[in-house]
Amino acid sequence: MPEFKESVLHLAEEFDSCRKILLAFGDENRQHLILEMMTMGECGGVRVGEITKKTNLSRPAVSHHIRILKEAGLLKMRREGTRNYYYFDSDTEAINRLLNMLNHAKTLMEQLPDRTGGN
């Protein structure tokens, strides 16, 4: 059982390291923004003005959500002169950290005894 408790403590650390990612995904406006950006199909990235038009959110709101997505490691930015282009990178370490945490949580939950009272 000490190994299990150690694994739970490690899971707590993983939760902590994924807090910003979970916060970023947990907001309905950011979910909408992510989906809209993905459907825009711009490989080089999109600018805040383009995102604003697609999401019907105000420019300050889009900038706020982009900042949260960037801080979570889910969104990258490329600068060309004075223009900023935002994009998703398939090699995002943040997503891998989240997936590892979720898999670890699932593994630990599967080890817990059945408490449903059924067979």
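Everything discussed here concerns the structure shown above.
Computed from a prediction, not measured in an experiment: that's the story for all the values here.

(A) Highlighting the overall build of the chain. Looking only at helices and strands, one finds 6 helices and 2 strands in the chain. Element order for the chain, N to C, with α for helix and β for strand: α-α-α-α-α-β-β-α. On C-alpha atoms alone, the chain measures out to a radius of gyration of 19 Å, which is more than a quarter above the 14 Å that the 2.2 N^0.38 rule sets for 119 residues. Along the three orthogonal principal directions, the C-alpha set of the chain runs to about 60 × 30 × 25 Å.

(B) Just helix H3 (residues 28-40), in detail. When the terminal C-alpha atoms of H3 are compared, their 18 Å separation across 13 residues agrees well with the 18 Å that a helix rising 1.5 Å per residue should span. Looking at H3, one finds that the buried residues are Arg-30, Leu-33, Ile-34, Glu-36, Met-37 and Met-40. Of the surrounding secondary structure, the elements contacted by the buried residues of H3 are helix H2 (19-26), helix H4 (48-55), helix H5 (59-71) and strand E2 (83-87). Following H3 by one or two positions, Gly-41 has its phi on the positive side, about 70°.

(C) Inspection of the side chain of His-65 at higher detail. Here His-65 lies in helix H5. Judged by its relative accessible area of 6%, His-65 is buried.

(D) Looking closely at the pattern of salt bridges. The full count for this structure, using the stated rule, is 6 salt bridges. As a salt-bridge pair, Arg-19 and Asp-16 come within 2.9 Å of each other at their nearest N and O atoms. A salt bridge links Arg-78 to Glu-80, with the nearest nitrogen and oxygen atoms 2.3 Å apart.

(E) Region of interest: the environment of Phe-15. Mapping Phe-15 onto the fold places it in helix H1 (residues 2-17). For the pair Phe-15 and Tyr-85, spaced 70 residues apart in sequence, the C-alpha separation works out to 30 Å.

(F) Fine view of unusual backbone geometry. A positive phi is found at Asn-56, a non-glycine position, where the angle reads about 60°. Here Asn-56 lies in the loop between H4 and H5.

(G) Seen up close, the nonpolar core. Ile-21, Met-37, Ile-51, Val-62, Ile-66, Leu-69 and Leu-74 are the most contacted members of the largest nonpolar core, which totals 26 residues. At the level of secondary structure, the elements contributing two or more residues to this core comprise H1, H2, H3, H4, H5 and helix H6 (93-111). Among the elements that make up this core, the one with the highest residue count is H6 (5 residues). When residues no more than four places from it in sequence are discounted, the contact partners of Leu-69 are Ala-24, Arg-30, Leu-33, Ile-34, Leu-74 and Leu-75.

(H) Broad picture of the pairing of E2. The sheet contact formed by strand E1 (residues 76-80) and E2 spans 5 bridges and is antiparallel. Its bridge partner lying in E2, Met-77 is registered against Tyr-86. Here E1 folds back onto E2 in antiparallel fashion, the turn holding 2 residues, of which Gly-81 has a positive phi close to 65°.

(I) Spotlight on the side chain of Thr-52. Relative to the assigned elements, Thr-52 resides in helix H4. Sequence-distant contacts of Thr-52, defined by excluding residues within four places in its chain, comprise Leu-57, Ser-58, Arg-59 and Val-62.

So, how was this worked out
Residues numbered from 1 in each chain as written. Predicted model: local features only at pLDDT ≥ 70, side-chain atom pairs only at ≥ 80, totals over all residues. Heavy atoms only, no water. Helix = DSSP H or I, 4+ residues; strand = E, 2+ residues; numbered from the N terminus. Rg over C-alpha atoms; globule rule 2.2 N^0.38 Å. Expected span 1.5 Å × (residues − 1). Buried < 20%, exposed > 50% of the residue type's maximum accessible area, 1.4 Å probe, protein only. Contact = heavy atoms within 4.5 Å. Salt bridge = Lys/Arg side-chain N within 4 Å of Asp/Glu carboxyl O. Core = buried A, V, L, I, M, F, W, Y, C linked by side-chain atoms within 4.5 Å. Pairing = 2+ DSSP bridges.

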